[in-house]
Amino acid sequence: MALLACNDLSLGYEGKPILEHIDFEVNTGDYLCIVGENGSGKSTLMKTILGLIHPLKGKVQTGDGLRQNEIGYLPQQTVVQRDFPASVYEIVLSGCQGRQGFRPFYSKADKNLAWENIRRMEIEKLAKRCYRELSGGQQQRVLLARALCATRKLLLLDEPVAGLDPKVTAEMYQLIADLNRKDGITVVMISHDLEAALRYATHILHIGARIFCGRVEDYLKSETGVRYLERGGMNP
Amino acid sequence: MTLWDYLELPYVQNALLVGVLVALCASLLGVTLVLRRFSFIGDGLSHVAFGAMTIAAVVGLTNDMLLVMPVTIVCAVLLLAAGSNAKIKGDASVAMISVGALAVGYLLMNRFPPNGKANISGDVCTTLFGGTSILTLKPLEVWMSIGLSVVVVAFFVLFYHKIFAVTFDENFAAATGAKTRLYNLLIAVVIAVVIVLAMKLVGSLLISALVVFPALSAMRVFKSFRGVSICAACISVLCAAAGILIAADRGTPVGSTIVVADIVVFGLFSLIGFVKSR
Ligand SMILES: Nc1ncnc2c1ncn2[C@@H]1O[C@H](COP(=O)(O)OP(=O)(O)O)[C@@H](O)[C@H]1O
Ligand SMILES: [Mg+2]
């Protein structure tokens, strides 16, 4: 079975649908990029997959032994208040909270996992620093390390490079690609950046008036894909 | 009289014990309240208590606490339990409930003037500045404060990581499987009970100060959640003890003296934070 599957899914807020009749599957090892216009409902779809919003119709199914609390998430623009006191280590460790249940304290294994992910994101030097004093790119690495504490299988990333400069953006894409290829973590990423989507992703989910889901090669040949690429000023 | 002479007086001992414990609880919960933009909740709830009191007077309840307590706790839970996804944000919802309760209370008082026995303006003063002066506490009140503080401190320690997770990023916590609704509800109930009981003991003005000042002072200097929590607790305990002793010595009002001590520490910590950041 697929890691994640949606059948005839409808979603929206307060009973008003934003997207309807969505079918797609994500298999282990895939790198799925979700593309579409602003306001087309990409973030809403991601929140529905995470169970933060209830679908209006249909269901999000998880398979391959994936449980609902084993999905890592990088939200779109975490609006952390300017004055929130939190160290990098505290934030990364909080990624383990979903598995805690009613256990009050983190175990040694949780702490080791946090350090492992801090090293993986190359932010050891920042571990004691205050989150709000970091640059945008460093903050995203912290949140990615936190997401990795929550999962070993599936990462959901909502515009992880928004607001980052080109160099940091490239580094971020490389990090995510490595997680997918070297560590075998399945990635579902929302992106505005079609060029990067086509370069790194294996699959594309295009949402909007028309919905496309399939391999990147097929997307480039599809009518939806061709039109979207032309609008973005790119030649397929 | 020297400091040690004061410490031997039973009423000063009681005041110190209760004052320090209430200050400790308020400051521990204050960190998450300030970060959730609920700094003014103590003030808002005292207005709710006033509104409930007038209703109790109008319907002729002899023991108005039977109405005031539940109504205030329900309001606190309504305000807090929705967490960061509330439709109306913290500052606005506190303002709404606070002003609304004040208006309803005043309207009722105006339409159905209390006949003789009820002394509403006295009661209002009580909710603002504390029912019993902290220097004349009864043994029952002392034991109640001790019991409550033990529960609150234990709750804070056991739920510390959960409080951090839901305060920092509630959506992430929920998405990765934390029971954020339950935690928010528990946090709200504990905060509500503390604020309402502390309001009875030391008054809502002091409780508002105890919630905001230690947390804000600690945030000037410390940058981690743990550092801020521990530092806020220490500041709060020290200021409460100093305030009570100074008040006993000089005969100044206890609540105001504690608040002034907190203001001084805030100034000091702002200065330290400023020097550190340069
Ligand atoms: N909390 C909300 N309540 C009601 N409508 C919302 C809410 N959040 C977003 N929307 C609406 O849902 C639509 C899709 O939003 P979103 O999923 O954020 O788009 P995208 O991420 O693709 O830019 C938008 O039209 C937006 O106005
Ligand atoms: Mg979005």
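Above this text is the structure in question.
Draft legend 1. Structural detail: the overall build of chain A. When helices and strands are counted, chain A shows eight helices and nine strands. Relative to the globule expectation of 18 Å for 236 residues, the C-alpha radius of gyration of chain A, 18 Å, shows essentially globular dimensions. Considered along the principal axes of its C-alpha atoms, chain A spans approximately 50 × 40 × 35 Å. Here chain A holds 236 residues, and the buried ones make up 53% of them. The contacts of chain A with a sequence gap of at least 6 include a subset with a gap of at least 24, amounting to 65%. Looking at chain A, you have 30 positive and 28 negative side-chain charges, and the mean spots of the two groups are 6 Å apart.

Draft legend 2. Highlighting the coordination of the magnesium ion (ligand 2). Residue and element names in this part refer to chain A. The coordination sphere of the magnesium ion (ligand 2) contains the protein donors Ser43 (OG) and Gln76 (OE1), at a distance range of 2.0 to 2.4 Å. Taken together, the positions of Ser43 in helix H1 (residues 42–50) and Gln76 in the loop between strand S5 (71–74) and helix H2 (88–93) put the pair 33 residues apart, joining distant regions of the chain. Here Gln76 falls in the partly exposed class, since its relative accessible area comes to 31%.

Draft legend 3. Inspection of a nonpolar patch on the surface at higher detail. All names here are of chain B. A cluster of nonpolar side chains, namely Ile55, Val58, Val59, Leu61, Leu66 and Phe112, defines an oily patch on the protein surface of about 530 Å² accessible area. Broken down by element, the residue count for the nonpolar patch peaks at three residues, all from helix H3 (residues 41–59). With respect to the element layout, Leu66 can be found in helix H4 (residues 65–81). For Leu66, a relative accessible area of 61% puts it in the exposed group.

Draft legend 4. Summary view of the site of ligand 1. Residues and elements named next belong to chain A. Taken together, the neighbourhood of ligand 1 is formed by Tyr13, Ile18, Glu37, Asn38, Gly39, Ser40, Gly41, Lys42, Ser43 and Thr44. Contact distances for ligand 1 include 3.0 Å between an oxygen atom and a backbone N or O atom of Gly41. Burial of ligand 1 by the surrounding chains reaches 56%, relative to a free accessible area of 570 Å². Broken down by element, the shell around ligand 1 gets its largest block of residues, three residues, from H1. Taken together, the residues that form the shell around ligand 1 break down as two nonpolar, six polar and two charged.

Draft legend 5. Looking closely at the packing of helix H7 (residues 139–158) of chain B against helix H10 (residues 180–202) of chain B. Residues and elements named next belong to chain B. Taken N-terminus to C-terminus, the directions of H7 and H10 make an angle of 155°; their axes are 11 Å apart at the nearest point. Classified by the interaxial angle, the pair formed by H7 and H10 is roughly antiparallel. Judged by the sense of rotation from one axis to the other, the crossing of H7 with H10 is left-handed. Touching Glu141, Met144, Ser145, Leu148, Val152 and Phe155 of H7 are Leu186, Ile187, Val190, Val193, Val194, Leu197 and Leu201, all from H10.

Draft legend 6. Molecular detail of the interface of chain A and chain B. Residue-level contacts link 36 residues of chain A with 30 residues of chain B. Taken over both partners, the interface formed by chain A and chain B buries close to 2,900 Å², and the fraction arising from carbon and sulfur atoms is 65%. Across the chain A-chain B interface, the total number found is two salt bridges. Among the salt bridges present, the one from Asp169 of chain B reaches Arg146 of chain A, with a minimum N-O distance of 2.9 Å. There are eight residue pairs in polar contact (both at pLDDT 80 or more) connecting chain A and chain B. Mapped by element, the contributors of at least two residues to the side of chain A that touches chain B are S5, H2 and helix H4 (136–150) of chain A. Sorting elements by how many residues they give to the side of chain A that touches chain B places H4 of chain A first, with three residues. In terms of residue class, the side of chain A that touches chain B is made up of 18 nonpolar, eleven polar and seven charged.

Draft legend 7. Here's a closer look at the pairing of strand S2 (residues 16–26) of chain A. Residues and elements named next belong to chain A. The pairing of strand S1 (residues 4–13) with S2 spans seven bridges and is classified as antiparallel. Within S2, the position partnered with Leu9 by the bridge is Ile22. The hairpin formed by S1 and S2 contains two residues between the paired strands, and Glu14 there has a positive phi angle of roughly 50°.

Draft legend 8. Just unusual backbone geometry, in detail. Residues and elements named next belong to chain A. Positive phi is not limited to glycine here, since Asp8 has a value of about 45°. Following the sequence through the fold, Asp8 ends up in strand S1. Here Asp8 falls in the partly exposed class, since its relative accessible area comes to 28%. In the Ramachandran plot, Glu122 falls in the positive-phi region, its phi being about 55° despite a non-glycine side chain. Note that Glu122 resides in the loop between helix H3 (108–120) and H4. Its relative accessible area of 59% is what places Glu122 among the exposed residues.

Cut-offs used in this document
- Residues numbered from 1 in each chain as written.
- Chains lettered and ligands numbered in written order.
- Predicted model: local features only at pLDDT ≥ 70, side-chain atom pairs only at ≥ 80, totals over all residues.
- Heavy atoms only, no water.
- Helix = DSSP H or I, 4+ residues; strand = E, 2+ residues; numbered from the N terminus.
- Rg over C-alpha atoms; globule rule 2.2 N^0.38 Å.
- Buried < 20%, exposed > 50% of the residue type's maximum accessible area, 1.4 Å probe, protein only.
- Contact = heavy atoms within 4.5 Å.
- Lys, Arg positive; Asp, Glu negative; His and termini not counted.
- Charge placed at Lys NZ, Arg CZ, Asp CG, Glu CD.
- Donors = N, O, S within 2.8 Å, 3.2 Å for Na, K, Ca; no water.
- Patch = residues over 30% accessible without salt bridge, like charges linked within 9 Å, V, L, I, M, F, W, Y side chains within 5 Å.
- Areas by Shrake-Rupley, 256 points an atom, 1.4 Å probe, with all protein chains shown as cover.
- Salt bridge = Lys/Arg side-chain N within 4 Å of Asp/Glu carboxyl O.
- Near = heavy atom within 4 Å.
- Polar contact = N/O pair within 3.5 Å; in protein donor to acceptor, adjacent residues only side chain to side chain.
- Nonpolar A, V, L, I, M, F, W, Y, C, P; charged D, E, K, R; others polar.
- Axes fitted to C-alpha atoms, helices over the stretch in contact; angles between N-to-C directions.
- Parallel < 35°, antiparallel > 145°, perpendicular 65-115°, else oblique.
- Left-handed = near helix turned anticlockwise from the far one by under 90°.
- Buried area = accessible area lost by both parts, 1.4 Å probe.
- Pairing = 2+ DSSP bridges.

By themselves, these figures tell us nothing about what the structure is for.
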